[in-house]
Structures are given as C-alpha cells and as structure tokens.
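Given next are the chains, with one letter for each unit.
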Amino acid sequence: MAIGSVVALAGGVGGAKLAQGLAEVLGPGKLTVVVNTADDFEYLGLYICPDLDTVMYTLCDLHNLETGWGLESESWNFLEALREIGGDTWFRLGDRDLATHIERTHRMRSGEKLGAITADFCAKMGTSVRVLPMSDDPVRTMVDTDIGLIPFQEYFVRLGCSPKVRGFEFEGIENAVFNPLASESLKEQDLKAVIICPSNPYVSIAPILSLPSVRNQLRDVVVPIIAVSPIVGGQAIKGPAAKMMRELGCNPSALSVAKGYEDALDGFVIDITDADESSKIEELGQRVLVTETIMTSIESKKRLAKNIIDFASEIGATHI
Ligand code: FO1
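Just so you know, these numbers come straight off a predicted model, no measurement behind them. Along every chain, residues carry numbers that run from 1 in the direction the sequence is written. Two thresholds apply to this predicted model, a pLDDT of at least 70 for residue-level local features and 80 or more for giving and counting side-chain atom pairs, whereas whole-chain, interface and lining totals are computed over all residues. Only hydrogens and water are removed before side-chain values are computed, so all heavy atoms of the structure are retained for them.

A.B. asks: A description of the site of the ligand should follow, citing residues and the corresponding values.
C.D. replies: If a single non-hydrogen atom of a residue is within 4 Å of a molecule or strand, that residue counts as near it. For the ligand, the set of nearby residues contains 13 residues, the closest of which are Asp 39, Asp 51, Phe 91, Arg 92 and Gln 153. We define a polar contact as two N or O atoms separated by no more than 3.5 Å, with the added condition that, inside protein, one atom must be a possible hydrogen donor and the other a possible acceptor, whereas residues neighbouring each other in sequence contribute only through side-chain atom pairs. Here Asp 51 contributes a side-chain N or O atom positioned 2.8 Å from an oxygen atom of the ligand. The backbone of Arg 92 places a nitrogen or oxygen atom 2.9 Å from an oxygen atom of the ligand. Protein chains bury 86% of the 530 Å² of accessible surface belonging to the ligand in isolation. Each helix is a run of H or I in the DSSP string that is no shorter than four residues. Each strand is a run of E no shorter than two, and both are numbered from the N terminus. Elements represented by at least two residues in the shell around the ligand include exactly α2 (50-59) and α6 (152-158). The classification used treats Ala, Val, Leu, Ile, Met, Phe, Trp, Tyr, Cys and Pro as nonpolar, Asp, Glu, Lys and Arg as charged, and all other residues, Gly among them, as polar. Residues that form the shell around the ligand fall into these classes: eight nonpolar, one polar and four charged. Exposure was quantified through the Shrake-Rupley algorithm and a 1.4 Å probe, taking into account, for residues, occlusion by the shown protein chains and nothing else.

Put into structure tokens, the structure is as follows:
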C-alpha cells in the first residue's frame, strides 16, 4: 500500500535528522519540511538561514557531522584571513558554506524570494524533498534575558546560551505570511500526518506555530498531528531546550513538552527512557508512542520515521 504524504515542522539538527529518516521511508515527492526561519540573521552583510541550511545540507547528505551545522569537508581560510585583519569572527562561516550565504544574499537583493532560492539550492544540491521556509517574510527571535533583550544568534553563539532566559519575542511575526506552499501541503488529498520534529519547542517550533493562521490551519487538518519529544531523560538531545525550561520555571521533561503543545496534538512520541511519563501524557488526551528516539545513524533515523508513520496510521484509523 502506498504511504501518503507527510508535512514535518522542523528547526535545525533534530528536525533535519528526522526529516532524513522520513525522506528515506516515504520515498520521492512525499515529504514537505516546513523550516523555522526565526533564527535567520544578517552577519557581515550576508543573509544567514541556519535551520534552513542544516535541513537542506542534511537531506543532501552534505552536512558537517563534527560541528552539527555547515557543510562537510569544510575549510576555514576565509575565517582565518578575516581574523588576521581584525574582522568579526564569533559566528564561524566555512569556505564552502560561504558560497550558500553569498549566493542567497545576492539573489535576495535582486528581488528573489527565500522560498524560490531554497527550492533551487535543493534541486542543485540533490534533494527532491520540498524544503520550505516557514515564511518569505523576515521573523526574528529576540531572547528576553537577565541581561536584556538579545537577538537569537547573539544569545546562542556569541554568549553560548549563558544568559538566563525570561521569555521570547518573534519580531515581525504579526505581518509574516505562512508560506503558501506549506499551507497547500497541509491540504493535500493524500496527507497522512503532520509531524512536529524533536526541535526546540520555544525557538524552533513556536515561531512556526505563532505565524498568523497556522494554529487554525492545523486545527482544520483531518490527519493526526504528532510531536516527537526533544527532551530525553530530562536533558535536551542537543541545544539549550532543557536549560530554557528550567529558567522559565518548568521541569525539563517530555511531559512538560507535551503540555506545552496543549491541544494541538493527537499523538506524542517519547523515548523509552521516559516510558514512566506515558500515562500522565495520555491524561492530556494525547496518544503516546514509546520508542527509541535518539538518532545516531541513518538506520536509527529510518526506524524512528517508520515507527512514527505506523503510529500515525494507528491514530488515523480512529481520528475524526
Ligand atoms: N553555531 C555555533 O554554535 N557556532 C557557530 O559559529 C555557528 C556558525 C554557523 C554558520 C552557519 C550556519 O548555518 C549555522 C551556524 N551555527 C553555528 C549553528 C546555528 O547558529 C544554530 O545551531 C542554530 O541557529 C540553532 O538551531
């Protein structure tokens, strides 16, 4: 039996890994990945889209396994030369990665949209997965901290997530339009599931869900909406999600993530480490899948993707 199409909502590394597994399991033309662009920023005059590039490079199998971001087989001559002449080097741009930022910036300045440029890059780098920026309009995450309101990349990279978080603002969100192709993909006849990847709920998934009309559109989909917990055993698999939760007065756990998504979900996927949280999550009205969620190889990415798709089928059979 043919598997239907899937829409995944994703941030950086966790989202990219699951997207790679889903792409393998679903086959060509069945996966749309809607990617957070609220951590995009301008640096050295260049338009940088970290999550979009992480997803794109991973799906093309060109991603850098050492850093978790950027391209494989990278060299750093540009960065070294820039450092020697006293330039800003806190955000590290590799020589090969630089080509992506320069070409994207050049094309955006000539009036092309981010979505169109991304589609072209994906085709040229070699993935048939539909990778969509959540919006063509700029949205910027600002982190409210104990030292003030800071742009996301300053908080994340320059300050190494050390300031204490008090909240988040998504500048530009009110006027940003949800990518029309993403909107269409949520209405596909053969849509089987919407999957919220194991990405940071506050800074990767919340910007997508906060775009005007997205929550309503998700309310209207007739297929299961399933999220995968980015918290395993009280720790974030990668990044500052657990630290953020603690600083916002919330116990870092899969259960807290499930609560945070409120009534948006039909199903929630947790790691076997957190099996004892299963019944509490079910009390929220979500079906729970307990499985191995840590993706360290292509096999583990495919296994998780397959388990989630099977889970969606099970829920779908009873879903109205
Ligand atoms: N993350 C870092 O921790 N340090 C860096 O110097 C850095 C450079 C960088 C360059 C291009 C790119 O696409 C991503 C880069 N990242 C870097 C990752 C990125 O800032 C974050 O992982 C995401 O924004 C969070 O999802």
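A.B. asks: So what about the side chain of Asp 274? Which residues, and what values?
C.D. replies: Along the polypeptide, Asp 274 turns up in the loop between β13 (267-271) and α12 (278-282). Buried within the structure, Asp 274 lacks any salt-bridge partner; Arg 246 is the closest side chain of opposite charge, at an N-O distance of 12 Å. Polar side-chain contacts of Asp 274 include one of 3.1 Å to the backbone nitrogen of Gly 233. Residue contacts for Asp 274: discarding those within four places in its chain leaves Ile 231, Val 232, Gly 233, Gly 234 and Ala 254. Burial classes follow relative accessibility: with a 1.4 Å probe on protein chains only, a residue under 20% of its type's maximum area counts as buried, one over 50% as exposed, and anything between as partly exposed. The convention is simple: Lys and Arg are positive, Asp and Glu are negative, and His and the chain ends are not counted. Salt bridge, as used here, is a side-chain nitrogen of Lys or Arg placed within 4 Å of a carboxyl oxygen of Asp or Glu. It only takes one pair of heavy atoms within 4.5 Å for two residues to be counted as in contact.

A.B. asks: Help me get a handle on helix α4 (residues 95-109), residues and values and all.
C.D. replies: Here α4 is 15 residues long and its end C-alpha atoms lie 21 Å apart, about the 21 Å a rise of 1.5 Å per residue gives. Within the sequence span of α4, burial applies to Asp 97, Leu 98, Thr 100, His 101, Arg 104, Thr 105 and Arg 107. Where α4 is buried, its residues touch β4 (46-48), α2, α3 (77-84) and α5 (114-125). The span you would expect from a helix comes to 1.5 Å times its residue count less one.

A.B. asks: Can you break down the packing of α2 against α5 residue by residue, with the values?
C.D. replies: Axes, fitted as lines to C-alpha atoms, cover a helix only where it is in contact. Angles between the N-to-C directions of the axes lie from 0 to 180 degrees. Two elements in contact, α2 and α5, have axes separated by 10 Å at closest approach and are oriented at 25°. The angle between α2 and α5 places the two elements in the roughly parallel class. Where α2 crosses over α5, the handedness of that crossing is right-handed. Listed contacts from α5 to Leu 52, Met 56 and Tyr 57 of α2 are Leu 114, Thr 118, Phe 121, Cys 122 and Met 125. Grouping the constituent residues of the contact of α2 with α5 by class yields seven nonpolar, one polar and no charged. Roughly parallel means an angle under 35 degrees; roughly antiparallel, over 145; roughly perpendicular, 65 to 115; everything else is oblique. A clockwise turn of the near helix away from the far one marks a right-handed crossing, whereas an anticlockwise turn of less than a right angle marks a left-handed crossing.

A.B. asks: Tell me about the packing of helix α1 (residues 13-26) against helix α13 (residues 298-316), and please be specific about residues and values.
C.D. replies: Between α1 and α13, the least distance of the axes is 8 Å, while the angle of their chain directions is 70°. When the interaxial angle is binned, α1 and α13 end up roughly perpendicular. Every residue of α13 that contacts α1 at Lys 17, Leu 18, Gln 20, Gly 21, Leu 22, Glu 24, Val 25 and Leu 26 is listed here: Ile 298, Lys 301, Lys 302, Leu 304, Ala 305, Lys 306, Ile 308 and Ile 309.

A.B. asks: I'd like a description of the sheet that holds strand β1 (residues 5-10), backed by residues and values.
C.D. replies: Any two strands between which DSSP finds at least two bridges are classified as paired. Here seven strands make up an open sheet; going across it, the order is β5-β2-β1-β9-β10-β13-β14 and the pairing parallel. Either end of the sheet is taken by a strand with one partner, and the two such strands are β5 (130-133) and β14 (287-291). Between one strand axis and the next, the sheet turns by 20° as a mean value, whatever way the strands run. Relative to strand β2 (residues 31-35), β1 runs parallel, the two being bridged by five bridges. Following the sheet pairing, Leu 9 is matched in β2 by Val 34.

A.B. asks: Give a detailed account of α13, specifying residues and quantitative values.
C.D. replies: Helix length check: α13 (19 residues) gives 27 Å between terminal C-alpha atoms against 27 Å at 1.5 Å per residue, within 8%. By the burial criterion, the buried members of α13 are Ser 300, Lys 301, Leu 304, Ala 305, Ile 308, Ile 309, Phe 311, Ala 312 and Ile 315. On its buried side, α13 packs onto α1, β9 (191-196), β10 (225-228), β13 and β14.

A.B. asks: Residue-level account of the pairing of β1, with values.
C.D. replies: With respect to burial, β1 is a largely interior element, six of its six residues being buried. Side chains Ser 5, Val 7 and Leu 9 of β1 all project onto a buried face; the interleaved residues Val 6, Ala 8 and Ala 10 project onto the opposite face, where all are buried too. In this sheet, β9 lies alongside β1 in parallel orientation, the contact comprising five bridges. Bridge pairing in β9 links Ala 8 to Ile 195.

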